[in-house]
Amino acid sequence: MTGKADGKRLSRVLKPLGPAIPAIPLREVLRTAGGITLALGLLAAFVLPPHVDLDHGFYLVAPLAASSVLLFALPNSPLAQPWSVLVGNVVSALAAVAMLHLVPGQVMGLATAVGAAIFAMMALRALHPPGAAVAMTAALNPEATRELGYHFALAPVGLGTAALILLAFLYARLTGRVYPMRQPRMPNGFGTRDRPAPQRLGLGAEELEAILRENRQQANLGPEDLSRLIAAAEQQAAGRRLSTIRCAELMAQDLVTVAAETPVAEVARIFRQHRFTSIPVTEQGRLLGLIFPIHLIGAAPAAQAADVMERDVPHVHPATDAGALLPILGEGRIDAIPVVEDDRLVGIVTRTDLVAAMAAKLRTTG
């Protein structure tokens, strides 16, 4: 019994020493490592050589490599945003040059250079850890740094950092990511600037900022990030409440469908008659696509259902729990999901069906 208790105690002691982040998918590992390799290769080949003294150029490796890790591996971090990266590196370089001119001795020069860099970064709200490496490596090469003077902060540090940010932006776009994260709010799926519906409820920006300050997390997360996390957690919790309901219980089964060759005029007549929000297009029971009323706007008079239908629509199985529908129907792009079994359309679940299920669940649990 004592051995078992000791094992549990040892496990509790060792657990905090293990990995603190979830496993990273191999695809993301390759994407990040490939981006860093490409970016640093381009910097070395085309950006830095004209501005680097090859006799002392080694001091650029550590700071820019460390910056690239944040830019490509942690692009959502406040420490990796353009202001933090560019201003953090440049002001650290300026602080290091100033301290090397003011403070005698390499040891004191090194310590004060790093301290001044941290002070300047935090004062300017541009905290970027590699900036401390910029200051330290400059202080470790005092003669070369003094010779370059304050120009050191512009080129190669400023120039190299700006190029790295630009490459991170382009690489994120090419690989389906978003950088920078703290850009002005982008239009939602409807082309307006309202936040997505799940993020409109709950805490405001000032309250979110207060939570981050109270928990000393303002250097790790921004209010927008925290808002997204809270919305995702609330959606997950709502989905769990609906996990006992299956799509087979919600779906409409007496479906009105059209064939691929059905004229658009006939599709419009069916919409008017039944007041549907969507009409499935099928062939011998197999789902081909969905038509929403918006698809009929501007359609040619001679067009057929196959010409206007949306082909790439998500679908679910009758046994899928209703909670899985929340992220699909909640985003607002579509308001109906086909239910497919053995390649055949067996039903449709609409946003109205899901709202009714949530209301019923709240009544029974409230």
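Structure's up top.
Below, the structure is looked at part by part. The residue numbering used here restarts from 1 in each chain and proceeds along that chain's sequence as written. Owing to the predicted nature of the model, reporting of local features is limited to residues with pLDDT of at least 70; listing and counting of side-chain atom pairs is limited to 80 or more, with chain, interface and lining totals taken over all residues. For the side-chain quantities, the full set of heavy atoms in the structure was used; hydrogens and water were omitted.

## Some details on the packing of helix H4 (residues 82-102) against helix H8 (residues 151-174)
Where we set the bar: Geometry is summarised by axes, namely lines fitted to C-alpha atoms with helices restricted to the contacting stretch, and by angles between N-to-C directions that run from 0 to 180 degrees. A helix here means a DSSP run of H or I that spans at least four residues, while a strand means a run of E at least two residues long, and both kinds are numbered starting from the N terminus. Orientation labels follow simple angle bins: below 35 degrees gives roughly parallel, above 145 gives roughly antiparallel, 65 to 115 gives roughly perpendicular, and whatever is left gives oblique. For any helix crossing, the convention is left-handed if the near helix is rotated counterclockwise from the far helix by under a right angle, and right-handed if that rotation is clockwise. Any two residues whose heavy atoms approach within 4.5 Å are treated as being in contact. Residues are grouped as follows: Ala, Val, Leu, Ile, Met, Phe, Trp, Tyr, Cys and Pro are nonpolar; Asp, Glu, Lys and Arg are charged; all remaining types, including Gly, are polar.
Two numbers describe how H4 lies on H8: the axes approach to 9 Å, and their chain directions differ by 165°. On the basis of their axis angle, the class for H4 and H8 is roughly antiparallel. For the pair H4 and H8, the sense of crossing is right-handed. On H8, the residues that touch Pro82, Val85, Leu86, Asn89, Val90, Ala93, Leu94 and Val97 of H4 are Phe152, Ala153, Val157, Gly158, Thr161, Ala162 and Ile165. Along the lines of polarity and charge, the residues of the contact of H4 with H8 split into 12 nonpolar, 3 polar and no charged.

## Description of the pattern of salt bridges
In plain terms, the rule: The rule for a salt bridge is simple: a side-chain nitrogen of Lys or Arg has to be within 4 Å of a carboxyl oxygen of Asp or Glu. Type-normalised accessible area, obtained with a 1.4 Å probe on protein chains alone, sets the label of each residue: buried when under 20%, exposed when over 50%, and partly exposed for intermediate values.
For the structure on display, the rule yields 4 salt bridges. The shortest N-O distance in the salt bridge between arginine 31 and glutamate 28 comes to 3.0 Å. Taken as a pair, arginine 31 and glutamate 28 lie in helix H2 (residues 26-47) at a separation of 3 residues, close to a single helical turn. Looking at glutamate 28, the relative accessible area reads 19%, which means it is buried. Each of Glu28, Arg31 and Arg177 takes part in one network of salt bridges that share partners.

## Here we look at the pairing of strand S4 (residues 344-350)
Just so we agree on the cut-off: Note on pairing: two strands pair once DSSP finds at least 2 bridges between them.
With 5 of its 7 residues buried, S4 lies for the most part within the structure. Sheet topology places strand S3 (residues 336-341) next to S4; 6 bridges connect them, and they run antiparallel. Counted as the bridge partner of proline 338 is isoleucine 348 from S4. Taking the residues between adjacent antiparallel strands as the criterion, S3 and S4 are bridged by 2 residues, where aspartate 342 takes a positive phi near 50°.

## What about the environment of isoleucine 165?
Topologically, isoleucine 165 is positioned in helix H8. Since its relative accessible area comes to 11%, isoleucine 165 is described here as buried. Separated by 93 residues in sequence, isoleucine 165 and phenylalanine 72 have C-alpha atoms that sit 9.6 Å apart. Setting aside residues no more than four positions away along its own chain, isoleucine 165 makes contact with Leu71, Pro82, Val85, Leu86 and Tyr179.

## Side note on unusual backbone geometry
In this structure, the amide linkage connecting alanine 155 to the following residue, proline 156, adopts the cis form with an omega of 20°. Structurally, proline 156 is set in helix H8. Positive phi, normally seen in glycine, also occurs at arginine 125, with a value near 55°. Take arginine 125: it is sitting in the loop between helix H5 (106-123) and helix H6 (130-140). Within the chain, aspartate 342 stands out as a residue other than glycine whose phi angle is a positive 50°. Considering the arrangement of structural elements, one finds aspartate 342 in the loop between S3 and S4.

## Some words on the nonpolar core
Stated precisely, the cut-off is as follows: The nonpolar core is taken to be a set of buried Ala, Val, Leu, Ile, Met, Phe, Trp, Tyr and Cys residues, with the residues joined through side-chain atoms within 4.5 Å.
Counting residues in each nonpolar core, the largest one holds 24 residues, and the members touching the most others are Leu242, Leu325, Val349 and Leu354. Looking at this core, the elements that each hand over two or more residues are helix H12 (247-250), strand S2 (286-291), helix H15 (326-330), S3, S4 and helix H16 (351-365). The element that contributes the greatest number of residues to this core is S3, accounting for 4 residues. Those residues in contact with valine 349, other than ones at most four positions away along the chain, are Cys247, Leu250, Met251, Leu325, Asp335, Ala336, Ile337 and Val339. Leu100, Ala132, Ala139 and Val157 belong to the second largest nonpolar core, which has 20 residues in total.

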